[in-house]
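# Breakdown of the fold
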Amino acid sequence: MNAPDRYERFVVPEGVAKVSYERDTKIINAASFTIEREDHTIGNILRMQLHRDENVLFAGYKLPHPLKYKIIIRIHTTSQSSPMQAYNQAINDLDKELDHLKNAFEAELSRQSVRQ
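Here we summarise the structure given alongside this text.

Parameters at a glance
Residues numbered from 1 in each chain as written. Predicted model: local features only at pLDDT ≥ 70, side-chain atom pairs only at ≥ 80, totals over all residues. Heavy atoms only, no water. Helix = DSSP H or I, 4+ residues; strand = E, 2+ residues; numbered from the N terminus. Contact = heavy atoms within 4.5 Å. Pairing = 2+ DSSP bridges. Axes fitted to C-alpha atoms, helices over the stretch in contact; angles between N-to-C directions. Expected span 1.5 Å × (residues − 1). Buried < 20%, exposed > 50% of the residue type's maximum accessible area, 1.4 Å probe, protein only. Arc of directions from axis to C-beta. Core = buried A, V, L, I, M, F, W, Y, C linked by side-chain atoms within 4.5 Å.

Looking at where N55 falls in the secondary structure, it is placed in the loop between α1 (40-51) and β3 (56-62). Once you skip the residues sitting within four places of it in the chain, N55 turns out to touch H76, T77, T78, Q80 and S81.

Here's what the structure looks like:
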């Protein structure tokens, strides 16, 4: 079969950065982030979080090819922010949101186990 090994979908090869940044030379306050070994799950969550930021004018992602396990996220911001700041803020906000979800789940789980 021509398909790559399954582990290649998740394991970042040695010498390859998980996230790389490339500034757009044609548009001010625009950049692309390439995230290795991720797919639509992270791309869509991150895009939606970026849309919540009022300083983000555009946020979108694409998978260059179905057998290449990376996503490219494009961010265009206002002059009050930079794409790097918007990206970092979105990641931090998602981290806090997921921590809250985990804590709420664990609290409810312990509450349910006490009842039984």
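From this point on, the discussion continues.
Taken together, 4 strands build an open sheet; the order of strands is β1-β2-β4-β3 and the sheet is antiparallel. Edge strands, defined here as strands with exactly one partner in the open sheet, are β1 (19-23) and β3. Going from strand to strand, the sheet's axes swing by 15° on average, the running direction of each strand aside. Across 5 bridges, β1 lies against strand β2 (residues 30-36) in antiparallel orientation.

With that settled, the discussion passes to α1. The first and last C-alpha atoms of α1 sit 16 Å apart over 12 residues, in line with the 16 Å expected at 1.5 Å per residue. Those residues of α1 not exposed but buried are G43, L46, Q49 and L50. Each buried residue of α1 sits inside an arc of 135° when the element is viewed along its axis, so together they form one side. Residues of α1 that are buried make contact with β2, β3, β4 (70-77) and α2 (83-115).

Let us look at the nonpolar core. Judged by nonpolar contacts, the single largest core of 14 residues is most densely connected at L46, L50, I73 and I75. At the level of secondary structure, the elements contributing two or more residues to this core comprise β2, α1, β3, β4 and α2. Broken down by element, this core gets its largest block of residues, 4 residues, from α2. Filtering out sequence-adjacent residues up to four positions away, I73 remains in contact with A31, S32, F33, I35, L46, L50, G60 and Y61.

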